[in-house]
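# Structural overview for review
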Amino acid sequence: MADTKYSWPTREEAQIIGSRRNRLDGMEKSTGAAKYTYDVNLKDQLIARALGSPHAHCTIASIDIKAAEQTPGVVHVEVLRKVGYEIKWQGDLIAVVAAESEAAAAEGVTNVKITYNEMDVFVQDAELELARKAGRTAPAGGKSVTQVEPGDDDDEDEFVEAEIQRLYDASPHKLEGYYGIDAITHCCLEPHGSTVQWKDGKLLAYLSTQNVSGTDEAFATDLDMTSDDVEVRCEYIGGGFGSKFAADYWGVAAARISKETGRPVKFMLSRDQELKNAGNRPSGYLKVRIGADNNGVVQVWDSQHWGTAGVRGGGISQSVIPYVIQPPNYRRKAIGIKTNNGQARAWRAPNHPQACAMTQTAIDDLARVMKKDAFDVFAANLGNVANGKGDVYLAEMKVAAEIIGWKDKYHLHGQGPSKGGVVEGMGLALHMWGGTANSSTCRLVIRSDGSVESSCGTQDLGTGTRTVCAMVLAETFGLDLDDVTVNIGSSKYPMSGASGGSTTVGAVSESHRRAAQDALQILFEKVAGQLSAKPEELVAVNGAIHVAGDKKRMISWKAACSRLGVQSIEVSASHKRGDASPLSNSGVCGVQMAEVAVDTETGVVKIKKFVAVQDQGLVISPKTCESQIYGAVIMGIAAALYEQRISDPATGAFVNAELSDYKLARLGDVGEIIVELYEPESERQRGVIGNGEPPAISPVAAVSNAICNALGVRVPVAPYTPQRVLEALQGRA
Amino acid sequence: MTESKRKVTHGGFHRRAFLKGSGAVAAATALQTEVASAVQQTTQVAKGRMTIDLEVNGKRQTLEVETRDTLLDVLRYQLDLTGAKPVSLDGSSGASTVLLDGKPIMASTALAVACDGKRVTTVEGLDDTVPAAFVAADAQQCGFCTPGFVVAVKAFLDKNPNASETAIREGLNGNICRCGTYSHVIQAAVSLVKGGSNG
C-alpha cells in the first residue's frame, strides 16, 4: 500500500471528525459497569496489603513475620526488603501480606514486626542554605547565552558575569524576585496495583497502567518467563498522569505471590502508600533578577533555582528556564537537593508547570513595577518566544482577552477597588508543548457481514482514546460509531506506545487512519468493477460506496462487504514515532487567563473565571478534547490554591498523605471555566497533536499573576494558601 | 448511619417499598440480639462472623460477614458490585457513595453489620437518568470517581429537585475528582434540573 496517500478529510468533507460525540465508554463508567484493575475479582483471589516504613530514613534491624503468617486468613507473607536495607523515604514498602480478605490482610500487616535503626532526615527542599549545610545539594546544570560573545582570550565565566551585570545595570527597568512551587503528588484515585493470575506457566496481569504494550517484559523477567507468556490488560485505568508506566516492584511481587500460592492476587497500594511511593512532581524555588527596556521587553535574565525530585536529587530541568519567553541574554543555574521523600515520576508536562509558575510570575511582576498592563508586557516579549510562535500566542491572547473581558475589567496591580476587604485581579500565562505522535500499530479486519473491528495495544486514560479510534475508523469508512468495534487495552494486541507526553491521540489517529485507508483501498478494488469505475474514483460516505460526484453509481457498505465472502480484509498499519507524516505534527502553544477574588482579611482566594485557549492541530473529537482542557485547568487550580506535600522537618514524615488532609479542589472551588479550541485552518492543516499536557501548564502562573494583580504584592510560593496570602500582605513572605 | 427511621424518598425508590412490610423488621430484631452478644465478647468482636440481611438494589441478600467488614468490602467482594470505589477509607473522597435507606453514605466507613435490615442502593441499582446526563455532559474522564458522583448527584437532586446552579456548586463538595470533571458534573446536574426529571 505504499502508493496510498494518507490524509485527513477537509473540514467540509468530514462527517465524524470534528463532530461532538459522546465518549464510547461513558455509560459503562457512569453506571459502574466499567471494570478497573481494582474491580477485577478473580475466583479464589487473595488480597495483598503491604507494610510501609514508618520512618523516612533508617536501616532495617530485624524482621519477624511469624505472627503475620499465623494471623487467621493470612496465606502468604513476602518480605521485600532485607535486614540492613536502607530505607530512604517514609512509606517504602517492606513486606506484603496476602490473605483471604482485605481485613485479614490488614490485620496480617499489623503483625509484621520490624525493628529499625533510625538515621538523619532532610526534607526542607525550599531551604537552599540548610540543604547545603546538610550536604544534600548537587549542581543540576545551567546555561548562559549572551548576544555579545566572549573573545578568544576571555575566561567565559568571568565574561558572562561581567556582561550580565553590565546589561542589568544598563536596563531602565529592573526586578529582583523569588518564586516557588511546592511538590505535589499524582494522587491517582485508583492507586497503583494489579490483579494477577499465574496459571500453567502463563501470567494474566490486570495492571493499572499507562503502558499496556510495554509492561509485560518486567513481569516476564522477574518470573523467568518470556513476554509471550504474559498478557497485560487494562481496559480502564483510574488515573495515571505520568506515574503509571511501569509494572513496579509491587506489581511483580503480586505475580510472584500468585505463582507461589497458585491463586490469583489483588495487590493495590493503600491511599497513604500511593501518595508516598507512587509518584510526585518535583518542587522548585527560584531567585532571579531581570532587566527590561522601556517597552517591558526583557533584555537580560539571571536566575538560580533549586528544589527536589526526591531521594535521588534532581529537580526542575534548567532547560525550560525562563519559560516560553526567552530573552536574548540569560544565565540560568539549577541545583538539585536530595531529600527523604519518594522519588518523583513524570507528572503531566514534566518541568513545564513549575517553570511557568517560577518565571512567568516574574514577567507579571515586571508589569507591576513598570505600572503597565500585563497583557502589553507579555505581548511586547513575543518576539523572544522559545518556539518562535509569537504570532500564535498573540492571536490566542486576543481570543482569551475577549472572552474574559480583559480590557473592561483589568486594572493595574493593586489598583482595584476593595469591596468589604475583597479585591479582584486578573492574570495570564503562556505555555508550549510537543505532543508528537507515538509509535502505534493497528490491526484491522473488515468482514463480509460489514463489521469492522480494530485491535491496538494502546490504552484510554480517560482522555477519549477509544472514542478517537472509533471516530477515525467511522470517518474513513463513511460509517457511524456504532458500526465499528474498537479493541484496546491488552498487550496481546499490536504494540502501541505508552501514553505519556501527549503522544497517544497522534499515535492512534496515525495507526487507525492508515489501517483504515489501506483496508478501504482493498475494498474499493473489489467493488470498482461493479460500479464501472476505477478504485481511486470511489468514496465511502453515509454507509455506502459510490463514485465521487455520482451518487447513483453506488453500493451499500453491507453489499460491498458481502462480496468479500470468506476472505475478510485484514490489514495492519503502523506509524513510527519521529517519522514525518501528513497526519500528525508536534508543537503547540496555549494561553490562559484567570480572574480571582482575594479576601484580604482571611487570605482566601476564589477563582471567579478562568479562560483557556488551546491549539492542538486538527481536533478529532472536540468533546473529549475540551474535557482534557477543563480537567487540566482544574488540576492546575488545585496546584495553585490547595495541594502540597507537607513533610515534617524533624521526622521526614509525609504528614498529609490522606485525602482528608491532602487538599484538592472540589466542585465548588473551580469557578466558571471557559475552554476555547483554537483551530483555524492554519492549525487544522498541521494534523493531529496531543493536548493532554499543555493546558495543565499555565494555571498556577495565571492564578499567581491574578492574585498579585488583585493585591499589588506577590504571594511567592504555590500553593497560595490563606496563610501565605496573609503573610505576603503583611510583608512577611 | 445507624438511623433506622425510614424516609419516603423521591424518584425511583418507591418500587422498593415492598421491603417495609417484609423481612426488615425481623432482620432488625436479629441484629439487636447478635450485636448484644457480640459486644459481650469484647475482643472477640473483631473476628466474629454474623449473618445479615440486606436489600441491595431491590434484591434481598442474606450474607455472612465478618463484624469488621465494611459495607464497601461486602458489596465489592461478596456481591461483585464494584461501582462504589475504595479511594479513601475515611470517606473523604466520596467515591464509595451509596444510598442507605435512600440517604447517601460512604460505604467505606459503614460497617456491614450496621446496615443489617436496610436498603442499599448502589450505582448499579439506579436507572439511567443520571448516568445519561453525565455522558451527555462528558462529566467523566478516567471515570473512577464517576459512580460515586452519580450517586451523590442522584441523592442531592432527590432532596433538592429544583436546585439552582449556585446550590449545586455549594452542595456537591463531598466527592473528589482528580481528572477535573467538576465543570461538566455541574453541567450534568443543571441539565437534570432543567430536564424536569427531578422536579
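Throughout this document, residue positions are counted from 1 along each chain, in the order its sequence is written. As a convention, the first chain written is A and the first ligand written is 1, with the rest following in written order. Selection of residues for local features in this predicted model requires a pLDDT of at least 70, selection of side-chain atom pairs for listing and counting requires 80 or more, and totals for whole chains, interfaces and linings are taken over all residues. The basis for every side-chain value is the complete set of non-hydrogen atoms in the structure, without hydrogens or water.

### Focus on the overall build of chain B
Note the following rule: In this text, helices come from DSSP runs of H or I with a minimum length of four residues, and strands from runs of E with a minimum of two, each type numbered from the N-terminal end. Only protein chains enter the accessibility calculation, which uses a 1.4 Å probe; a residue is then buried when its area is under 20% of its type maximum, exposed when over 50%, and partly exposed in between. Note on contacts: a residue pair is in contact if any heavy atoms of the two residues lie within 4.5 Å. To measure how exposed things are, a 1.4 Å probe is used in the Shrake-Rupley method; for residues, cover is taken only from the protein chains shown.
When you go through chain B residue by residue, the secondary structure sums to six helices and five strands. For chain B, the N- to C-terminal ordering of α and β elements is α-β-β-α-β-β-β-α-α-α-α. The 199 residues of chain B split such that 58% are buried. Sequence-distant contacts in chain B: of pairs separated by 6 or more residues, those separated by 24 or more amount to 60%. Carbon together with sulfur atoms contributes 55% to the accessible area of chain B, which is approximately 8,000 Å² in total.

### Comments concerning the packing of aromatic side chains
Formally: Aromatic pairing here means that ring centres of Phe, Tyr or Trp (its six-membered ring) are within 6.5 Å. Orientation follows from the plane angle: under 30 degrees is stacked, over 60 is edge-to-face, and everything else is tilted. Geometrically, a charge over a ring is one whose NZ (Lys) or CZ (Arg) sits within 6 Å of the ring centre while staying within 35 degrees of the ring normal.
Counted according to the given criterion, the structure contains eight aromatic pairs over all chains. Geometrically, the ring pair formed by A:Trp406 and A:Tyr410 is stacked, given 4.7 Å between the ring centres and 15° between the ring planes. Given the relative accessible area of 13%, A:Tyr410 is considered buried. Connected via pairs of aromatic rings, a cluster forms that spans A:Tyr36, A:Tyr236 and B:Phe144. Over the aromatic face of A:Tyr249 sits the side chain of A:Arg81, whose NZ or CZ is 4.5 Å from the ring centroid. Positioned above the aromatic ring of A:Tyr236 is the side chain of A:Arg466, whose terminal nitrogen or guanidinium carbon lies 4.9 Å from the ring centre.

### Thoughts on the domain arrangement of chain B
Residue and element names in this part refer to chain B. For clarity, the cut-off: Domain start and end points were adopted from an automatic or database domain assignment. Note on terms: buried area is the combined drop in 1.4 Å-probe accessible area of two parts once they are placed together, counting the loss on both. Note on definitions: salt bridges are taken to be side-chain nitrogens of Lys or Arg within 4 Å of carboxyl oxygens of Asp or Glu. Polar contacts, as counted here, are pairs of nitrogen or oxygen atoms within 3.5 Å of one another; within protein the pair requires one atom able to donate a hydrogen and one able to accept it, and residues that are adjacent in sequence qualify only if both atoms are side-chain atoms.
With domains assigned, chain B is organised as domain 1 (11-125) and domain 2 (129-195). Between domain 1 and domain 2, the residue contacts involve 17 residues of the former and twelve residues of the latter. Contact between domain 1 and domain 2 buries roughly 1,100 Å² in total, counting both sides, with carbon and sulfur atoms accounting for 70%. For the pair domain 1 and domain 2, the number of links is zero salt bridges. Here domain 1 and domain 2 share three residue pairs in polar contact (both at pLDDT 80 or more) between them. Sorting elements by how many residues they give to the side of domain 1 that touches domain 2 places strand β3 (residues 97-100) first, with three residues.

### Some words on the domain arrangement of chain A
All names here are of chain A. Filter applied, for reference: Under the convention adopted here, Pro, Cys and the residues Ala, Val, Leu, Ile, Met, Phe, Trp and Tyr are nonpolar, Asp, Glu, Lys and Arg are charged, and Gly plus all remaining residues are polar.
Split into domains, chain A comes out as domain 1 (37-119 + 192-268), domain 2 (352-434 + 585-729) and domain 3 (437-575). Domain 2 and domain 3 are separated by 40 Å when their C-alpha centres are compared. Across the domain 2/domain 3 interface, buried area totals approximately 870 Å², and carbon plus sulfur atoms make up 61% of it. The interface formed by domain 2 and domain 3 holds zero salt bridges in total. In this structure, the connection of domain 2 to domain 3 is made through four residue pairs in polar contact (both at pLDDT 80 or more). Counted by class, the side of domain 2 that touches domain 3 contains five nonpolar, seven polar and one charged residues.

### So, the packing of helix α16 (residues 622-641) of chain A against helix α6 (residues 182-195) of chain B
The condition is simple: Only the stretch in contact is used when fitting a helix axis, every axis being a line fitted to C-alpha atoms; angles between N-to-C directions are given from 0 to 180 degrees.
At a closest axis distance of 8 Å, the pairing of α16(A) and α6(B) adopts a crossing angle of 115°. Within the contact between the two elements, α16(A) uses A:Ser627, A:Tyr630 and A:Ile634 and α6(B) uses B:Tyr182, B:Ser183 and B:His184. Its residues assigned to classes, the contact of α16(A) with α6(B) shows three nonpolar, three polar and no charged.

### Description of the pairing of strand β21 (residues 452-456) of chain A
All names here are of chain A. This is how the line gets drawn: Strand pairing is defined by DSSP finding a minimum of two bridges between the two strands.
For β21, a buried count of four out of five residues is recorded, marking the element as mostly surrounded by other parts of the structure. Note that strand β20 (residues 440-446) and β21 share four bridges and pair antiparallel. Bridge pairing in β21 places Ile446 opposite Val452. Where β20 folds back onto β21 in an antiparallel hairpin, the turn is made up of five residues, including Gly450, whose phi is positive at roughly 90°. As judged from the five bridges shared by β21 and strand β22 (residues 484-488), these two strands associate in the parallel manner. Along β22, the bridge assignment pairs Ser454 with Val486.

### As for the pattern of salt bridges
In this structure the tally under the stated criterion is 48 salt bridges over all chains. Measuring nitrogen to oxygen at the nearest pair gives 3.7 Å for the salt bridge that ties B:Asp80 to A:Lys35. Here the residue B:Asp80 occupies a position in the loop between α2 (71-78) and β3, and A:Lys35 occupies one in the loop between α1 (26-31) and β1 (46-52), the pair thus bridging two chains. What makes A:Lys35 partly exposed here is its relative accessible area of 31%.

### Considerations on unusual backbone geometry
Across residues other than glycine, the phi torsion is negative in most instances, and most of the peptide bonds are trans. Residues and elements named next belong to chain A. Look at the link from Ile321 to Pro322: it is a cis peptide, with omega at -15°. For Pro322, the position within the fold is in the loop between β16 (298-310) and β17 (329-338). The peptide bond linking Ala718 to Pro719 adopts the cis configuration, its omega dihedral lying at 5°. Looking at where Pro719 falls in the secondary structure, it is placed in the loop between β30 (717-718) and α19 (722-729).

### A closer look at the side chain of A:Ser627
Here A:Ser627 is to be found in helix α16. Among the residues examined, A:Ser627 registers a relative accessible area of 1% and is labelled buried. Ignoring anything within four residues of it in the chain, the contact list for A:Ser627 reads A:Arg23, B:Asp138, B:Gln141 and B:His184.

### Quick notes on the nonpolar core
Residues and elements named next belong to chain A. Put simply, the rule reads: Residue types Ala, Val, Leu, Ile, Met, Phe, Trp, Tyr and Cys, when buried and joined through side-chain atoms within 4.5 Å, form a set referred to as a nonpolar core.
Counting residues in each nonpolar core, the largest one holds 147 residues, and the members touching the most others are Trp406, Leu430, Leu641, Val703 and Ile707. A total of eleven residues in this core trace back to one element, the largest contributor, which is α16. In contact with Ile707, not counting residues within four places along its chain, are Val596, Val598, Val605, Leu641, Val713, Val715 and Tyr720. Tyr6, Cys442, Met471 and Val472 belong to the second-largest nonpolar core, a separate cluster that totals 49 residues.

### Let's talk about the side chain of A:Gln318
In this structure, A:Gln318 sits in the loop between β16 and β17. When sequence neighbours within four positions are dropped, the list of residues in contact with A:Gln318 reads A:Ala140, A:Gly141, A:Gly142, A:Lys143, A:His305, A:Arg332 and A:Ala334.

### Focus: the interface of chain B and chain A
Counting residues at the interface gives 53 residues for chain B and 57 residues for chain A. Roughly 4,400 Å² is buried in total at the junction of chain B and chain A, and carbon and sulfur atoms are behind 54% of that figure. Looking only at chain B, the three residues that lose the most surface to chain A are B:Tyr77, B:Gln141 and B:Arg178, adding up to 19% of its buried area. If you look at where chain B meets chain A, you find six salt bridges. Close ionic contact of B:Arg76 with A:Asp39 constitutes a salt bridge, the shortest N to O distance being 2.8 Å. Linking chain B to chain A there are 34 residue pairs in polar contact (both at pLDDT 80 or more). Elements supplying a minimum of two residues to the side of chain B that touches chain A: α2, α3 (129-137), α4 (146-159), α5 (165-171) and α6 of chain B. Residues that form the side of chain B that touches chain A fall into these classes: 23 nonpolar, 16 polar and 14 charged.

### Quick look at the sheet that holds strand β6 (residues 113-118) of chain A
Strand pairs in the sheet, formed through backbone hydrogen bonds, run parallel or antiparallel to each other. All names here are of chain A. Ordered by their spatial adjacency, three strands build an open sheet running β4-β2-β6, and the pairing between neighbours is antiparallel. Looking at which strands have only one partner, the edges of the open sheet turn out to be β4 (86-87) and β6. Where strand β2 (residues 58-64) and β6 come together, six bridges link them in antiparallel fashion. In the sheet register, Ile63 faces β6, and the bridge partner there is Ile114.

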